[in-house]
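Structural description and commentary
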Amino acid sequence: MRKLNFEVLTLFPGILAGPLNESILKRGREKGFLNVTIRNIRDFTEDKHKTADDRPYGGGAGMVLKPEPIFKTFGVMKAEYPGEKFLTILLSPQGSVFNQQRAEQLTEEKRRIVLLCGHYEAIDERVIRTLIDEELSVGDYVLTGGELAALVVIDAVARLLPGVLGDEESAYRDSFGDGLLDYPHYTRPAEFRGLKVPDVLLSGDHDLIKKWRRKESLKSTLIKRPGLLKTADLSGEDREVLEELKKELENGS
Ligand code: 4H7
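Residues numbered from 1 in each chain as written. Predicted model: local features only at pLDDT ≥ 70, side-chain atom pairs only at ≥ 80, totals over all residues. Heavy atoms only, no water.

**A word on the pattern of salt bridges**
The cut-off we apply is this: The rule for a salt bridge is simple: a side-chain nitrogen of Lys or Arg has to be within 4 Å of a carboxyl oxygen of Asp or Glu.
Taken as a whole and judged by the stated rule, the model has 16 salt bridges. It is possible to trace a salt-bridge network through shared partners that takes in E7, R39, E80, E84 and R112.

**Some details on the site of the ligand**
Defined as follows: Only a single heavy atom is needed: when it lies within 4 Å of a molecule or strand, its residue is near that molecule or strand. Residues adjacent in sequence count toward polar contacts only when both atoms are side-chain atoms; beyond that, a polar contact is any pair of N or O atoms within 3.5 Å, and within protein one must be able to donate a hydrogen and the other to accept it. Elements are defined by DSSP. Helices are runs of H or I of four residues or more, strands are runs of E of two residues or more, and each kind is numbered from the N terminus. Here the nonpolar group is Ala, Val, Leu, Ile, Met, Phe, Trp, Tyr, Cys and Pro; Asp, Glu, Lys and Arg are the charged ones; every other residue, Gly included, is treated as polar.
Close to the ligand lie 17 residues; Y120, V138, G139, Y141 and L143 are nearest. L143 is positioned such that a nitrogen or oxygen atom in its backbone is 2.9 Å from a nitrogen atom of the ligand. In terms of residue count, the dominant contributor to the shell around the ligand is strand 5 (residues 86–97) (three residues). Here the residues of the shell around the ligand sort into eight nonpolar, eight polar and one charged.

**Overview of the sheet that holds strand 1 (residues 4–10)**
So the rule is basically this: Any two strands between which DSSP finds at least two bridges are classified as paired. Think of each axis as a best-fit line through the C-alpha atoms, taken over the contacting stretch in the case of a helix, with angles from 0 to 180 degrees between the N-to-C directions. Throughout, a residue-residue contact means that at least one pair of heavy atoms, one from each residue, lies within 4.5 Å.
The five strands lie next to each other as 2-1-6-5-8, forming an open sheet whose pairing is parallel. Both outer strands of the open sheet, strand 2 (34–40) and strand 8 (134–137), are each paired with one neighbouring strand and no more. On average, each strand axis in the sheet is tilted by 30 degrees relative to the strand beside it, whichever way the strands run. With respect to the sheet, helix 6 (residues 147–158) is in contact with strand 1, strand 2, strand 5 and strand 6 (112–117), its orientation differing from that of strand 1 by roughly 175 degrees.

**Looking at the sheet that holds strand 4 (residues 64–65)**
Ordered by their spatial adjacency, three strands build an open sheet running 3-4-7, and the pairing between neighbours is mixed. The sheet terminates laterally at strand 3 (53–54) and strand 7 (122–123), the two strands that pair on one side only. Strand direction decides the pairing type here: strand 3 and strand 4, joined by two bridges, are antiparallel. Within the sheet, the bridge partner assigned to D53 lies in strand 4 and is L65.

This is how it looks when you write it as structure tokens:
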């Protein structure tokens, strides 16, 4: 059985503990598909006040994460796994934007995946230049720290690992796999406060239902995220349906 190994380096381990010990991530760890070690950078500070940050050279607002505790955390971690390789990632607003494709690639990663979480205003550049292979961002916004971004990466990757999701859940995995948005879902009752479930879903015609869902996925993507269509996995029939949808939308029908 393959297992994915994450090492999360953080000043606030408490932020990670809850989510990693609940639901699917908890089950993935218990079943042995996923291993997450959390390391507190503050444990590797060198003064009695456990100082992890300092004022920026050149002045300005905010504090900068000191290099020493981070280098020390890396050193101790590497010494624990002699001869092993690491992929080191900094979660940062300056990173390339994380997406489903990068999540899928990470499921194949053989090295230990190190996720470094920044805090305060910034991280000393020497850390980034010397210890970091890749900078990843989970979107174009600023967070107080990298922990929530690290959780996003772990969650998105973990659910793709074979065995982590149950059968029920894993059938659902396709929705973004082909690069399209999901189709609309309904459950009972067939009519709720006058709002009806589309007839096709009650028809029992599985071929027709499949076609309807595909068309709805295409329509939703075309309307909400047209940019995704450039890289989506589309068949010839998908392209025909898309052309029809574009005409329909132009006519306002
Ligand atoms: C690296 C450098 C990731 C990490 C700076 C992390 C957004 C994302 C962080 C910073 C992150 C993302 C520290 C700069 C807090 C801003 C207020 C941690 N923010 N921060 N400052 N989009 N913050 O993935």
